[in-house]
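# Reading the structure
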Amino acid sequence: MAKKQVGKQTIRFLHPPVIQGAASVVGKKEGEGPYGEWFDCIEKDPKMGGDSWEEAEGKFQEKAAKLAIEHAGLQQKEIRYIVAGDLLGQLMASSFGLLSLQIPLFGVYGACSTMGESMGIAAMIVEGGFADHVLALTSSHFASAEKQFRFPLGYGNQRPKASTWTATGSGAVVISKSVLEEEKESHKIGQNYSKEALKEKGKVHIEGITTGKVIDFGIKDSMNMGACMAPAAADTLYRHFKDFNTTPEDYDKIITGDLGIVGKTILMDLLREKGYDISKKHMDCGVEMFDGSSQDTHAGGSGCGCAAVTLSAYILPKLASGEWKRVLF
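Calculation criteria
- Residues numbered from 1 in each chain as written.
- Predicted model: local features only at pLDDT ≥ 70, side-chain atom pairs only at ≥ 80, totals over all residues.
- Heavy atoms only, no water.
- Pairing = 2+ DSSP bridges.
- Helix = DSSP H or I, 4+ residues; strand = E, 2+ residues; numbered from the N terminus.
- Contact = heavy atoms within 4.5 Å.
- Axes fitted to C-alpha atoms, helices over the stretch in contact; angles between N-to-C directions.
- Expected span 1.5 Å × (residues − 1).
- Buried < 20%, exposed > 50% of the residue type's maximum accessible area, 1.4 Å probe, protein only.
- Polar contact = N/O pair within 3.5 Å; in protein donor to acceptor, adjacent residues only side chain to side chain.
- Salt bridge = Lys/Arg side-chain N within 4 Å of Asp/Glu carboxyl O.
- Phe/Tyr/Trp six-rings, centres within 6.5 Å; stacked < 30°, edge-to-face > 60°.
- Lys NZ or Arg CZ within 6 Å of the ring centre and 35° of its normal.

## Re the sheet that holds strand 13 (residues 282–284)
Spatially, the 3 strands line up as an open sheet ordered 13-12-15, and their pairing is parallel. Because the sheet does not close on itself, it has two edges, and the strands there are strand 13 and strand 15 (327–328). Both strand 12 (residues 253–256) and strand 13 contribute to a ladder of 3 bridges, which runs parallel. Looking across to strand 13, one finds that I254 is bridged to H282. Contacting strand 12 and strand 13, helix 9 (residues 260–273) runs over the sheet at an angle of about 150° to strand 13.

## Comments concerning helix 9
In this model, helix 9 (14 residues) spans 20 Å end to end at C-alpha, consistent with the 20 Å of a helix rising 1.5 Å per residue. Looking only at helix 9, the buried set comprises G260, G263, L267, M268, L270 and L271. Elements in contact with the buried residues of helix 9: helix 8 (225–244), strand 12, strand 13 and helix 10 (285–289). In the segment just after helix 9, G275 is the residue with positive phi, at about 95°.

## Considerations on the pairing of strand 3 (residues 18–27)
Regular strands show a simple pattern: their side chains alternate between the two faces of the sheet. Summarising burial for strand 3: 9 of the 10 residues are buried, a large majority. Across 8 bridges, strand 3 lies against strand 9 (residues 169–176) in antiparallel orientation. Within strand 9, the position partnered with V25 by the bridge is S170. As paired strands, strand 3 and strand 10 (residues 204–205) are joined by 2 bridges and run antiparallel to one another. Looking at strand 10, one finds that I19 is bridged to V204. Pairing analysis gives 3 bridges linking strand 3 to strand 4 (residues 41–43), with the strands arranged parallel. Bridge pairing links V26 to I42 in strand 4.

## Quick notes on the side chain of S140
Considering the arrangement of structural elements, one finds S140 in strand 7 (residues 133–140). At 3.0 Å, the side chain of S140 and the backbone nitrogen of G305 are in polar contact. Ignoring any residue separated from it by four or fewer positions in sequence, one finds S140 in contact with E57, L87, T166, A167, T168, G169, S302, G303, C304, G305 and C306.

## Description of the pattern of salt bridges
Under the criterion given, the structure shown has 9 salt bridges. Note that D269 and R272 form a salt bridge whose closest N and O atoms lie 3.8 Å from each other. Remark: R272 and D269 occur in helix 9; sequence separation between them is 3 residues, near one turn of the helix. Assessed through its relative accessible area of 41%, D269 is described here as partly exposed. Given a relative accessible area of 43%, R272 falls into the partly exposed group. Between R272 and D277 there is a salt bridge, with the nearest N and O atoms lying 3.8 Å from each other. Exposure remark for D277: the relative accessible area of 40% places this residue in the partly exposed category. Sharing partners across several salt bridges, the network here consists of D269, R272 and D277.

## Remarks on the environment of D132
Within the secondary structure, D132 is located in the loop between helix 4 (114–127) and strand 7. The spatial distance from the C-alpha of D132 to the C-alpha of K4 is 19 Å, given a sequence separation of 128 residues. The contacts of D132, once residues within four sequence positions are left out, are V126, I175, S176 and K177.

## Considering the packing of aromatic side chains
Aromatic ring pairs are reported here in terms of the distance separating the ring centres and the angle at which the planes meet. All chains considered together, the criterion is met by 7 aromatic pairs. Where W38 meets Y314, the ring centres are 4.9 Å apart and the plane angle is 80°; that geometry is what we call edge-to-face. Separated by 276 residues along the polypeptide, W38 in the loop between helix 1 (28–31) and strand 4 and Y314 in helix 11 (residues 304–320) bring together distant segments of the chain. Residue W38 is classed as partly exposed on the basis of its relative accessible area, which comes to 32%. With 6.0 Å between their ring centres and 75° between their planes, Y238 and Y276 make a pair best called edge-to-face. Note that Y238 is positioned in helix 8 and Y276 in the loop between helix 9 and strand 13, a separation of 38 residues in sequence. The exposure class assigned to Y276 is buried, which follows from its relative accessible area of 12%. Counting every residue linked through ring pairs, the aromatic cluster contains Y35, W38, Y314 and W324. In this structure, K47 packs its charged tip against the face of W53, placed 4.8 Å from the ring centre.

## Details of the side chain of S139
Along the chain, S139 falls in strand 7. Engagement of the side chain of S139 in a polar contact is seen with the side chain of E57, the distance being 2.8 Å. Side-chain polar atoms of S139 contact the side chain of Q61, separated by 3.0 Å. Discounting chain neighbours no more than four positions away, the residues touching S139 are E57, Q61, G85, D86, L87, A93, G169, S170, C304 and G305.

Function cannot be inferred from these measures alone, as they are strictly geometric.
Below is the structure:
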């Protein structure tokens, strides 16, 4: 039997889980950006009728979660687990935002990598046979992130050009057991796939996961997150190519979450030093999220909601339609 553990940091699924449904809920500024027409819901009120920024972020998660379950054609009671996180202390947005769902919750804190982390863990749970359906999601909010990590909004500080704008939004996906892949393995000539398996055709499968590690180049500037994150992104991509024995040419798109303009440049340089040129394949959600010429975001977008909503609204439909066949997210 083929091994699931590949190389030093990678898993290759024998029965790749399927993304059954997805949803994206964003704020007004994000809705005015290049992907505005793709998002499921654009909220004009940044507090969503709540009393605080933290409460609002929880409401973003709740709405995205319920929409993703609906889009998956499932009921809340069919979701075995939730894997979710956010940028706030004690995962406040996830804890309170998902309270009403009453589904067992694994809380994760990957900061800007939270969507990838939550999906990776959810996919392992499903492929391992511990659940048929798992909801993975995350969120970020400009105001709650500024309040926790930087300066009070009323202070009106000047933001340096290397800084990014934390995206307000939540993206969610339902990851489900693959009936199609299981039937492929036992498929015999003349045998027909079940109706459940046939429904799965055209949906996006998660083939594997390469988990990154902490890489510290000693960057001390908290307002230049792109430079802080780029070394870890470069190392993870390098290890993925080595473990899977692939090259950038094997992918339609290689997508990072929110390195922004500064981090993207550093990523290219670091990978070229290792012998990989991803410039023709690379897309960064932070760079793409906002219009750099008309929206004042400096180096682009950031926050774990940035990658989550771009994945849910834009990337998955490209894969489902067949326009993109293979993506490294």
